[in-house]
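# Chain and residue survey
Chain by chain, the residues run as shown.
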Amino acid sequence: MLNILLRVIGFNAVNTMVVWCDRTREAVIFDAPGDGEEILREIETLDLKPLYLVNTHGHMDHIEANGTIKTRLGIPLLIHDADRPMLTDPAKNLSLYIGKPVISPDADGALAEGDSLRVGNDSLKILHVPGHSPGSLVFHYEGFVIAGDTLFAGGIGRTDFPGGSEQVLLQNIRSKILSLPPETVVYPGHGPTTTVGEERRTNPFLRE
């Protein structure tokens, strides 16, 4: 059985998640906003054994504490190959344009559609859902998805950044997220949680 902890962190109010196996205490951290200290404290308080730091995508607000977390915990950093160049390039991760360049360590490995991310005795299925960014990833476990900035409560991810496409994003949300059971909880990259069923019924961007 996997557990999930959500914390809202940083100036951009990013939802960072920690997912762990209740038997082995092995854990994965999803996204790294702020300075990383709050998540590091949570890991210590819960007595978890982190295996990986995973970026759902490569925009600045989700990667700014990669270096701190990766160094302090000694764990690999994983991202989709299409967003990997954003990690070390402030122009590509958009931080250059706000005057606070973010430079993350390079990734140690890549995740792709159809892969599984093992966490203790369980695993999360990896879905590639481009449109907000070329390498946006979604992680599915029975009962919930970690959606990054693809799908929000009542909204979708921005598509006006380089590499974005509203058509591509909507197509992928419909085929890969809305096809899940309606009771599936959606943990987005920002804002409140929702469910697949709620977004099918009420999300104005997803009405046919």
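What counts, and at which threshold
Residues numbered from 1 in each chain as written. Predicted model: local features only at pLDDT ≥ 70, side-chain atom pairs only at ≥ 80, totals over all residues. Heavy atoms only, no water. Helix = DSSP H or I, 4+ residues; strand = E, 2+ residues; numbered from the N terminus. Rg over C-alpha atoms; globule rule 2.2 N^0.38 Å. Buried < 20%, exposed > 50% of the residue type's maximum accessible area, 1.4 Å probe, protein only. Contact = heavy atoms within 4.5 Å. Areas by Shrake-Rupley, 256 points an atom, 1.4 Å probe, with all protein chains shown as cover. Lys, Arg positive; Asp, Glu negative; His and termini not counted. Charge placed at Lys NZ, Arg CZ, Asp CG, Glu CD. Polar contact = N/O pair within 3.5 Å; in protein donor to acceptor, adjacent residues only side chain to side chain. Pairing = 2+ DSSP bridges.

Along the protein chain, the regular secondary structure elements total six helices and 14 strands. A compact globule built from 208 residues would reach a C-alpha radius of gyration of about 17 Å, and the protein chain, at 16 Å, matches this within 12%. Dimensions of the protein chain, computed from C-alpha atoms along their principal axes, come out at roughly 45 × 45 × 30 Å. When the 208 residues of the protein chain are sorted by exposure, 51% land in the buried category. Pairs at least 24 residues apart make up 57% of the contacts formed inside the protein chain by residues separated by at least 6 positions. Accessible area of the protein chain: about 9100 Å², with a carbon and sulfur share of 51%. When the 18 positive and 27 negative side-chain charges of the protein chain are each reduced to one mean point, those points stand 2 Å apart.

Relative to the elements of secondary structure, Asp 149 occurs in the loop between β10 (144-148) and β11 (151-152). One polar contact links Asp 149 to His 190, side chain to side chain, over a distance of 3.4 Å.

All right, on to the environment of Leu 5 then. Along the chain, Leu 5 turns up in strand β1 (residues 2-9). On the accessibility criterion, Leu 5 (13% relative accessible area) is buried. Here the alpha-carbon distance between Leu 5 and Thr 16, two residues eleven residues apart in the chain, equals 8.3 Å. Residue contacts for Leu 5: discarding those within four places in its chain leaves Thr 16, Met 17, Val 18, Trp 20, Glu 42 and Leu 46.

Taken together, six strands build an open sheet; the order of strands is β7-β8-β9-β10-β13-β14 and the sheet is mixed. What marks the edges here is a single partner per strand, and that holds for β7 (116-119) and β14 (194-195). Where β10 and strand β13 (residues 185-188) come together, four bridges link them in parallel fashion. Pairing of Phe 144 across the sheet is with Val 185, part of β13.

A few words on unusual backbone geometry. Positive phi, normally seen in glycine, also occurs at Ala 13, with a value near 50°. With respect to the element layout, Ala 13 can be found in the loop between β1 and β2 (14-21). We classify Ala 13 as partly exposed; its relative accessible area is 33%. With a phi close to 55°, Asp 47 is a non-glycine residue in the positive phi region. Mapped onto the fold, Asp 47 is located in the loop between α1 (37-45) and β4 (49-54). For Asp 47, a relative accessible area of 57% corresponds to the exposed category.

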